[in-house]
Structure formats: structure tokens, C-alpha cells
Amino acid sequence: RGLYTTGTLTITNSTLSHNLTVPGEGGGIYNAGTLILSNSSLSVNDANAGGGIYNNGMLTVKSSTLSAHYAKGGGGIWNDASGTADITDSTLSNNISNGDGGGIWNYGTLTLTNSTLSRNTSDDWGAGIYNYYGTLDVNNSTLSDNYAGYDGGIFNHGGQVTLSSSIIANDIYGYGANCFGDPIIDAGYNIEDTDSCGLSSANGSLPNTDPMLGPLANNGGPTLTHALLPGSPAIDSGLNRLCPRVDQRGFKRPADGNGDGKSICDIGSFELQST
């Protein structure tokens, strides 16, 4: 593997790639301590579990990219039962699991904020995220274009999943939907292009609604994102009270994206700037 840590470690402006730990956990990093990863890139690392990162401690990922990893479970990140993970302003893309959790396999406590999960693949459940008896909070994030054998976006197995001001759409699956398994909590102001996540218009959410996303691309900032196309229903449709100060790219939030003179937070990880 690339790194094994049981103490306190901060990694900044770094690249870890092409590490192999099979059989074993944590192809790029195995963390059993306190790890802060910022403005960095992990790619093409392989493991039995957690191709990019296997976390059994306290993990913070900020403004970083985890891509093109492979594992039998948790292609990008495996967050174990005693693990706490906070992922902010980051992108997990093109990660592969030949089991569950192409992007993330969560058994502990994980918060995803202002982040993008895109083009992740799993042979079985949860191409974006597989939540196994864990606690998962997804805030102002975008899940799109994830592919699974059974369900494409989030699979909740016995845990608690809360969606807030997020987009989950364009997922591809053998059968199932964007969300599958046990019920997911709609905390409001979410968008889904099908009707599988239990979203309610009474909460300001929009089921069966195309969010009108651009492809995963360099739209500014340190990580790739899905831009909101003109006319997207996500523009100026969020809640300012819970809006992060900046979007995933570091651009100001909220902004007047639709030109009506009111600055309102956009749904998802991308904030369209004032016209």
C-alpha cells in the first residue's frame, strides 16, 4: 500500500498512485489514526477493500480527487464500523468495486458535503455509495452517472441515510433505482430524475425531475464537477440557511444564478454564478 498510519498525519498537495494491496485493505492509504488529506490526488490504487482509502479512524478529505481505484468492496473509500469520515469539496470518480460500493462503502459515520460522485461502478449494489448499518449524511452534493448491477446511486442496508440539498440522477442499473434498500430521509431540497429516494415536494424536493447536468469536467477549482446547465431546476432552488459559504470549486455561495435579483443557494455541489 502507499501509506499506513496509526498516528496523526496531514497530507497536502500530494499524489499517491499505482499502489497494490491484495489481499488486504487500503491500496492507497490505510488509516487507523487521524488523517487529513487536502488538495491531493489518489488514483489507480487496488485493494481487497478500500482501493483508495481504508478508514478505521478519523478521516478528513478536502478539495481532493479519488479516481480509478479497484477493490472487492469500496472502490474509492471503505469506512469501517469504527471509522468517522468527513468528505468535503471532493470528487470520487471512475472507481470500481466487483462487489458493493463503487465509490464508497460505509459501515461507520460519514458526511459528504459539496462533493461529487460520478462514473463509479459496482457489480452488485450501490455504485455511488453502499451504506451498511452506517450513518450517512449527504449535503449539497451531486451523484450522477454511477453504474451498478442492481442499483446505481445509494443502497441503504439497515443504516440511516439523510439527503439534503443534493442531486442524485442519471444512474444506470441492472434493476433498482437511484436509491434502493431501506428508506432514506429526505431532509429537503433534493432533486432526483426518477422516484426511488422517497423525496417529497412538501420538503421542497423534486422527484421525477431532470436536474440538467453537464458532463463531469473541469469547471474551475481543483476538482472535476457537473455544471448546472441553463434552465436547470437546481438553480436558485436550495435553502440559504444551510448553504455552505462556497461551492465545491471554491466559488461564492449563494449567487443569483437565474438573474432575478435574488441570491439563492443552488442544489448540488455546483453553484452557478451571477449572470
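Quick look at the structure, then. Small disclaimer: the values here were computed from a predicted structure and weren't measured. (Residues numbered from 1 in each chain as written. Predicted model: local features only at pLDDT ≥ 70, side-chain atom pairs only at ≥ 80, totals over all residues. Heavy atoms only, no water.)

### A look at the overall build of the protein
What counts here: Starting at the N terminus, helices and strands are each numbered in turn, a helix being any DSSP run of H or I of at least four residues and a strand any DSSP run of E of at least two. For this measure, only C-alpha atoms enter the radius of gyration; the expected value for a globule follows 2.2 Å times N^0.38, where N is the number of residues. We call a residue buried when its accessible area falls under 20% of the maximum for its residue type, exposed when it is over 50%, and partly exposed in between, using a 1.4 Å probe and counting protein chains only. Areas reported here follow the Shrake-Rupley algorithm with a probe of radius 1.4 Å; residue values treat only the protein chains shown as occluding. Charged residues are defined narrowly, with Lys and Arg counted positive, Asp and Glu counted negative, and His plus the chain ends left uncounted. All charge positions are set by atom: Lys at NZ, Arg at CZ, Asp at CG, Glu at CD.
What the protein contains, in helices and strands, is zero helices and 33 strands. Taking 275 residues into account, the globule formula puts the C-alpha radius of gyration at 19 Å, and the protein, at 17 Å, falls close to it. Along the three orthogonal principal directions, the C-alpha set of the protein runs to about 55 × 40 × 30 Å. Across the 275 residues of the protein, 55% fall into the buried class. Accessible surface, the protein as shown: approximately 10000 Å² in total, 50% of it carbon and sulfur. Side-chain charges of the protein comprise 10 positive and 24 negative groups, with the mean position of each set lying 11 Å from the other.

### Focus on the environment of W78
Short version of the rule: Side-chain atoms alone can form a polar contact between residues adjacent in sequence; in general such a contact is a pair of N or O atoms within 3.5 Å, and within protein one must be able to donate a hydrogen while the other accepts it.
Of note, W78 is situated in strand β13 (residues 77-79). Overall, the relative accessible area of 15% leaves W78 in the buried class. Measuring from C-alpha to C-alpha, the distance between W78 and G50 comes to 4.4 Å, with 28 residues separating the pair along the chain. A polar side-chain atom of W78 sits 3.4 Å from a polar atom in the side chain of D80.

### Focus on the sheet that holds strand β15 (residues 91-93)
The criterion, for reference: Here, any two strands with at least 2 DSSP bridges between them count as paired.
Taking strand neighbours across the sheet as the criterion, the eight strands line up as β3-β7-β11-β15-β19-β23-β27-β31 in an open arrangement whose pairing is parallel. Of all strands in the sheet, those bounded by a partner on one side alone are β3 (15-17) and β31 (191-192). Direction of pairing for β3 relative to strand β7 (residues 41-43): parallel, over a ladder of three bridges. From the neighbouring strand, L16 faces β7, where its bridge partner is L42.

### Side note on the sheet that holds strand β25 (residues 154-157)
Going by this rule: Axis geometry follows a simple rule: fit a line to the C-alpha atoms, using only the stretch in contact for helices, then measure angles between N-to-C directions, giving values from 0 to 180 degrees.
Taken together, the eight strands give an open sheet; going across it, the order is β1-β5-β9-β13-β17-β21-β25-β29, and neighbouring strands pair in parallel fashion. Of all the strands in the sheet, the pair left with one neighbour each is β1 (3-5) and β29 (179-181). Strand after strand, the sheet turns through a mean of 10 degrees between neighbouring axes, direction not considered. Pairing geometry for β25 and β29, over three bridges, is parallel. The residue bridging N156 from the neighbouring strand is G181, located in β29.

### Notes on the pairing of strand β14 (residues 84-88)
In the sheet, strand β10 (residues 58-62) pairs with β14 via five bridges, with the strands oriented parallel. Among the inter-strand pairings, L59 is bridged to a residue of β14, identified as A85. Pairing between β14 and strand β18 (residues 109-113): five bridges, direction parallel. Considered in β18, the bridge of T84 is made with T109.

### Regarding the state of the cysteines
For clarity, the threshold we go by: Whenever a pair of cysteine sulfur atoms sits within 2.5 Å, that pair is classed as a disulfide.
One pass over the structure, following the stated rule, counts two disulfides. C179 shares a disulfide with C197; S-S distance 1.9 Å. Sign of the S-S torsion, about 80 degrees for the bond between C179 and C197, identifies this disulfide as right-handed. Residue C179 is located in strand β29, and its partner C197 is located in the loop between β31 and β32 (213-217); the two are separated by 18 residues in the primary sequence. The same class applies to C179 and to C197, which are both buried. At a sulfur-sulfur separation of 2.2 Å, the disulfide partner of C243 is C265.

### Description of the side chain of T88
Position of T88 among the secondary structure elements: in strand β14. Among the polar contacts made by the side chain of T88, one reaches the side chain of D86 at a distance of 3.3 Å.

### Considerations on the environment of G220
Looking at the secondary structure, you find G220 in the loop between β32 and β33 (225-228). Taking the C-alpha atoms as reference points, G220 and G261, 41 residues apart in sequence, are found 24 Å from one another.

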